[in-house]
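# Structure at a glance
Each chain, letter by letter, is given below.
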Amino acid sequence: MTPSARDEVYMQRCLELARKGLGLTRQNPLVGSVLVYNDRIIGEGYHHEYGGPHAEVIAIRSVADPSLLKKSTLYVNLEPCAHYGKTPPCSLMIKDIGIPRIVIGCEDANPEVSGKGITIIKSGGAEVVTGVLERESRFLNRRFFTFHEKKRPFVILKWAETLDGFIDRNRDECGEASPSWITNHTARMLVHKWRSEEISIMAGTDTVLLDNPELNVREWPGINPVRVVPDKNGRLFEELKIMDDSSPTIIFATGKTISSGKREYIRLPAENFDIPVFLEELYKRNILSVFVEGGAKLIESFIISGLWDETYVFSGNKKFISGVKAPAINSEPIEKFEFRGSGLRIYHNRDL
Ligand SMILES: NC(=O)c1ccc[n+]([C@@H]2O[C@H](COP(=O)([O-])OP(=O)(O)OC[C@H]3O[C@@H](n4cnc5c(N)ncnc54)[C@H](OP(=O)(O)O)[C@@H]3O)[C@@H](O)[C@H]2O)c1
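This one's a predicted model, so the numbers in the text were calculated from it and none came from an experiment.

We now examine the overall build of the protein chain. Helix and strand counts for the protein chain come out as 11 helices and 16 strands. At 23 Å, the protein chain has a C-alpha radius of gyration in line with the 20 Å of a compact globule built from 352 residues. For the protein chain, the C-alpha atoms occupy an extent of roughly 75 × 45 × 30 Å along the three principal directions. Going through the 352 residues of the protein chain one by one, you find that 53% of them count as buried. Relative to all contacts within the protein chain whose residues are 6 or more apart in sequence, the contacts with residues 24 or more apart total 69%. With the model as given, the accessible surface of the protein chain reaches about 16,300 Å², and the carbon-plus-sulfur share is 51%. Charge separation in the protein chain, taken as the distance between the mean sites of 46 positive and 47 negative side-chain charges, equals 2 Å.

Structure follows, in structure tokens:
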């Protein structure tokens, strides 16, 4: 059967619910589910956190009169799972309960699930409609799809630049020990929110040496991302804040490889200090996404490699006249915002 306009309305609600899990479901996808009987929502739920019950389970449990399940439609933005992971397969549960109609946003990309969940549900005789708000459903789980389909983390680049296109003054010339702020406090809060939504955060060796950043989440509630820093020439030292063991930290190194506490050294030959290799190593460690916060050289390496998905550029209203030149993206932003004297441009790479 073809989807109806009402199907899109209920799928929209699934997406809205799913979004609540952003930053909390970690390696798992964002999933929301609603149960509808007689054009009325009788139950709903979303995947709250990694390891917790799936959206469909929560939605089914929330229905006050379970006898209605056999006459209802279940909506879910991602194909119900088919494998025994931390919880039994949702597709089997849906089949066993006998829910007669299932509407799905998009198929799963995880090879353990893809297509199998739908097959299980159909084997019980239920009607299955797929592809309702498919583009929106895939976009919501873009980190998850990139990870499984491209076998690398989803990459977000972010920097703040002055009106005249610099990301910092020349620190050795201006004699300042810390970086000059380019944006306002609202922008900084937003950056911390973004940090809380990604699995890892990466900065270049010189940014870590010059700015001594904590690379954690302070201005927003949430989980600290894994810190990732390249150190090809062994320039990083123990007293830096990223070495404080307060959150997991990965250092790409050529020599030292003794990992301890929350710090992991990944040894790479000097000629392999490049973006594809970094991403391959992060992928192997199940790191779904990386938020790259500068500096210019590291971000330019990502841009040159083509291995990035989204870019956020803040612009402040100061001018530095000279300094560290901001990276540049050779395309038009897909969105532009102005707020409290700062601007924000968002770029997408190719067909995101
Ligand atoms: N406004 C902002 O949003 C913002 C954000 C962050 C930083 N910053 C500023 O940016 C400045 C630092 O930026 P930067 O461009 O000089 O340095 P950077 O990008 O922070 O670090 C560059 C260094 O990282 C190492 N590296 C290892 N592998 C690399 C690879 N594949 N690609 C690129 N680098 C790699 C290299 O060190 P080795 O030579 O040792 O291999 C390279 O010289 C600071 O002034 C900082 O305050 C501004």
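Right, picking up where we left off after that structure.
In spatial order, the strands read β2-β1-β3-β4-β5; together these five strands make up an open sheet with mixed pairing. This sheet does not close on itself; its edge strands, each paired only once, are β2 (40–46) and β5 (127–130). Averaged over all pairs of adjacent strands, the angle between their axes in this sheet comes to 15°, without regard to strand direction. Here strand β1 (residues 32–37) runs beside strand β3 (residues 73–78); their pairing, made up of four bridges, is antiparallel. Pairing of Ser33 across the sheet is with Val76, part of β3.

A word on the nonpolar core. Core analysis: the biggest nonpolar cluster contains 32 residues, and Val155, Met202, Ile250, Phe252, Val292 and Phe302 have the highest contact counts within it. Mapped by element, the contributors of at least two residues to this core are β6 (154–161), β9 (226–231), β10 (249–253), α10 (275–284), β12 (289–292) and α11 (296–305). If one sorts the elements of this core by residue count, α10 sits on top with five residues. Each residue touching Val155, except ones within four places of it in the same chain, is listed here: Leu279, Val290, Val292, Phe302, Leu307, Trp308, Asp309 and Glu310. Among the nonpolar cores identified, the runner-up in size contains 27 residues, and Ile156, Leu236, Phe314 and Phe339 belong to it.

The next thing to look at is the packing of aromatic side chains. The tally for this structure, following the rule as stated, stands at nine aromatic pairs. A centroid spacing of 5.8 Å and a plane angle of 80° characterise the contact between Phe144 and Phe145, whose relative ring orientation is edge-to-face. Look at Phe273 and Phe278: their rings are 5.8 Å apart centre to centre, the planes differ by 90°, and that puts the pair in the edge-to-face class. Like Phe278, Phe273 is buried. Ring-pair connections join several aromatic residues into one group, and the members of that group are Trp194, Phe291, Tyr312, Phe314 and Phe339. Over the ring of Trp181 we find Arg188; its NZ or CZ atom is 4.0 Å from the centre of that ring. Cation over ring: Lys325 sits above Phe166, and NZ or CZ is 5.2 Å from the ring centre.

With that settled, consider the pattern of salt bridges. According to the stated counting rule, one finds 23 salt bridges in the structure shown. Note that Arg138 and Glu149 form a salt bridge whose closest N and O atoms lie 2.8 Å from each other. Residue Arg138 is located in helix α5 (residues 134–140), and its partner Glu149 is located in helix α6 (residues 142–150); the two are separated by 11 residues in the primary sequence. When its relative accessible area of 32% is taken as the criterion, Arg138 is described as partly exposed. Overall, Glu149 belongs to the partly exposed group, its relative accessible area being 46%. The salt bridge involving Lys284 is made with Glu281; its shortest N-O contact spans 3.1 Å. Of this pair, Lys284 and Glu281 both sit in helix α10, separated by three residues, roughly a single helical turn.

With that settled, consider the packing of helix α3 (residues 90–97) against helix α4 (residues 116–123). For the pair α3 and α4, the least separation of the axes is 8 Å and the interaxial angle reads 15°. The angle between α3 and α4 falls in the class roughly parallel. The element α3 and its partner α4 pack so that their crossing is right-handed. Contact residues: α3 offers Ser91, Leu92, Ile94 and Lys95, while α4 offers Gly117, Ile120, Ile121 and Ser123. Here the contact of α3 with α4 is composed, by residue class, of four nonpolar, three polar and one charged.

Below, the discussion takes up the sheet that holds strand β11 (residues 263–267). Read across the open sheet, the nine strands follow the order β11-β10-β9-β8-β12-β6-β13-β16-β15; overall the sheet is mixed. Only two strands of the sheet have a single partner each, and these edge strands are β11 and β15 (335–339). In this sheet, adjacent strand axes meet at a mean angle of 20° when their direction is disregarded. Alignment of β6 against strand β13 (residues 310–315), held across six bridges, turns out to be parallel. When the bridges of β13 are listed, Ile156 appears paired with Glu310. Contacts from α6 reach β6, β12 and β13, with the element oriented near 125° to β6. Across the sheet, α10 lies against β6, β8 (200–202), β9, β10, β11 and β12, angled at about 140° from β10, the strand it touches most.

Right, let's get into the side chain of Arg101. Looking at where Arg101 falls in the secondary structure, it is placed in strand β4 (residues 101–106). In this structure Arg101 comes out as buried when scored by relative accessible area, which is 13%. A distance of 3.2 Å separates polar atoms of two side chains, one belonging to Arg101 and the other to Glu127.

Quick notes on the rules
Residues numbered from 1 in each chain as written. Predicted model: local features only at pLDDT ≥ 70, side-chain atom pairs only at ≥ 80, totals over all residues. Heavy atoms only, no water. Helix = DSSP H or I, 4+ residues; strand = E, 2+ residues; numbered from the N terminus. Rg over C-alpha atoms; globule rule 2.2 N^0.38 Å. Buried < 20%, exposed > 50% of the residue type's maximum accessible area, 1.4 Å probe, protein only. Contact = heavy atoms within 4.5 Å. Areas by Shrake-Rupley, 256 points an atom, 1.4 Å probe, with all protein chains shown as cover. Lys, Arg positive; Asp, Glu negative; His and termini not counted. Charge placed at Lys NZ, Arg CZ, Asp CG, Glu CD. Pairing = 2+ DSSP bridges. Axes fitted to C-alpha atoms, helices over the stretch in contact; angles between N-to-C directions. Core = buried A, V, L, I, M, F, W, Y, C linked by side-chain atoms within 4.5 Å. Phe/Tyr/Trp six-rings, centres within 6.5 Å; stacked < 30°, edge-to-face > 60°. Lys NZ or Arg CZ within 6 Å of the ring centre and 35° of its normal. Salt bridge = Lys/Arg side-chain N within 4 Å of Asp/Glu carboxyl O. Parallel < 35°, antiparallel > 145°, perpendicular 65-115°, else oblique. Left-handed = near helix turned anticlockwise from the far one by under 90°. Nonpolar A, V, L, I, M, F, W, Y, C, P; charged D, E, K, R; others polar. Polar contact = N/O pair within 3.5 Å; in protein donor to acceptor, adjacent residues only side chain to side chain.

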